[in-house]
Amino acid sequence: MTAEIALLIGQALIKYGPTVARELRDIFSKEEISAADWDKVFATAEKSYEEYTKPA
Amino acid sequence: MEIIDQLAGIIPPKYVTYLTALFIASQVLGRIYQAIVSGGGLRSILRGIWLGTNTPKPKSETDSGIAEKLSALVLIGSIAVFATGCKTPEQGAYRTIGTVSVSVDAAMNGWGDYVRAGKATPEQEIKVKAGYVKYQTAMRVAKITVASYKAQPDGATRLNSAVDALSAAGSEIVTLVQLFTKGTP
C-alpha cells in the first residue's frame, strides 16, 4: 500500500467514517483478486433504486 | 489536585502517582470508547480527547449523516491515484471498480435519507434513478468484461474501456446527488 493510498484511506476515515474506510482498506489490501472479491464488489450495484429509497 | 489530596490520605504515597495516572487514563480511554461506540470516527475520538466531548452535535433527523455520505465524490476523483502502482490490469480494475462501488453506495445511501426526509422533488428522483440505472448498466458491462477479458486478444483494452465508462457513470450519479442535496456538485 502506497503512502498516497494510506493517506486517502485516512481521509476517508475522518470524512466518511469507519465503514467506508474499512471497505477501501479491504479493496486496496488485495494482492490476488478472487472470484468472491469480485462478486462482493459487483453485488453492491445489484441493489435497486427502490431499496435505497424505501421508507425506513 | 483535590482528588490527589484525598487519595494521599487513604492510599500509600508510592501508589498515588500510579492511581492518578490510571484515573486520567481511564477518562481518556472512556472518551475514545464512547467516540467509537457513537460511530463518530477518528474526528470524534480526537474531539473527545482534546475538547472533552465526543457527543455528536444534535442533527435534525432529515440531515442526519447526509453530508458525510454525499462527499464520496472525492473518492471517485482520487481513482487515478488509487489505480497507480498496480501489479496487474486486474488489480487496477478491481481497485477502480471497488472505489466507484463504495462511492456510489455511500452517495445512494445519502440520497435515500434525503428522499425519506421528503426533500427530493419528483423530477430529481427521476433523474437520480435514471443515473443510477445507467451506473448499474455500466457495472454489468464491467462484470462481463472482467470475466472474459483474459480470453480475448484485446481484452486489456476492453477492460480499460469498461472501467472508464463505469467511472464516468459513477461520477455522474454522485455529482447529480450532490448537486440536488447540497446545491453544488
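Cut-offs used in this document
Residues numbered from 1 in each chain as written. Chains lettered and ligands numbered in written order. Predicted model: local features only at pLDDT ≥ 70, side-chain atom pairs only at ≥ 80, totals over all residues. Heavy atoms only, no water. Phe/Tyr/Trp six-rings, centres within 6.5 Å; stacked < 30°, edge-to-face > 60°. Helix = DSSP H or I, 4+ residues; strand = E, 2+ residues; numbered from the N terminus. Buried < 20%, exposed > 50% of the residue type's maximum accessible area, 1.4 Å probe, protein only. pLDDT = per-residue confidence, 0-100. Contact = heavy atoms within 4.5 Å. Salt bridge = Lys/Arg side-chain N within 4 Å of Asp/Glu carboxyl O. Polar contact = N/O pair within 3.5 Å; in protein donor to acceptor, adjacent residues only side chain to side chain. Core = buried A, V, L, I, M, F, W, Y, C linked by side-chain atoms within 4.5 Å.

Colleague: Give me the packing of aromatic side chains: which residues, what numbers.
Modeller: Within this structure, the stated rule accounts for six aromatic pairs over all chains. Both rings, one in Trp38 of chain A and one in Tyr94 of chain B, keep their centres 5.2 Å apart while their planes meet at 85°; by these two values the pair is edge-to-face. Of this pair, Trp38 of chain A sits in helix 3 (residues 35-44) while Tyr94 of chain B sits in helix 7 (residues 89-116), placing the two residues on different chains. With respect to burial, Trp38 of chain A and Tyr94 of chain B carry one shared label: buried. Through a chain of ring-to-ring contacts, three or more aromatic side chains come together here, namely Trp38 and Phe42 of chain A together with Tyr94 of chain B.

Colleague: Pulling in residues and values, what's your account of the confidence of the model for chain B?
Modeller: Residues and elements named next belong to chain B. When pLDDT is averaged along chain B, the result is 75; 59% of the residues meet or exceed 70. Mean pLDDT in chain B bottoms out at helix 4 (residues 66-70), which sits at 43, and peaks at helix 8 (residues 122-148), which reaches 95. Contacts of residues 58-71 to residues separated by more than four positions or lying in other chains number 29 contacts, the stretch itself having pLDDT below 50. Across the assembled chains, the prediction reports ipTM 0.90 with pTM 0.66.

Colleague: Requested: an account of the interface of chain B and chain A, with residues and values cited.
Modeller: Counting from both sides, the interface comprises 40 residues of chain B and, opposite them, 33 residues of chain A. Across the contact surface, chain B and chain A share one salt bridge. For the salt bridge of Glu50 of chain A with Lys129 of chain B, the shortest nitrogen-to-oxygen distance reads 2.6 Å. Put simply, chain B and chain A have 13 residue pairs in polar contact (both at pLDDT 80 or more) between them. Within the residue set of the side of chain B that touches chain A, elements represented by two or more residues are helix 3 (41-50), helix 5 (73-77), helix 6 (79-83), helix 7 and helix 8 of chain B. With 17 residues, helix 7 of chain B is the single largest residue contributor to the side of chain B that touches chain A.

Colleague: Can you break down the nonpolar core residue by residue, with the values?
Modeller: Core analysis: the biggest nonpolar cluster contains 44 residues, and Ile97, Met108, Trp111, Tyr135 and Ile173 of chain B have the highest contact counts within it. For this core, the element with the highest residue contribution is helix 7 of chain B, accounting for 11 residues. Sequence-distant contacts of Ile97 of chain B, that is, excluding residues within four places in its chain, are made with Trp38, Val41 and Phe42 of chain A together with Met139, Ala142, Val146, Val163 and Leu166 of chain B.

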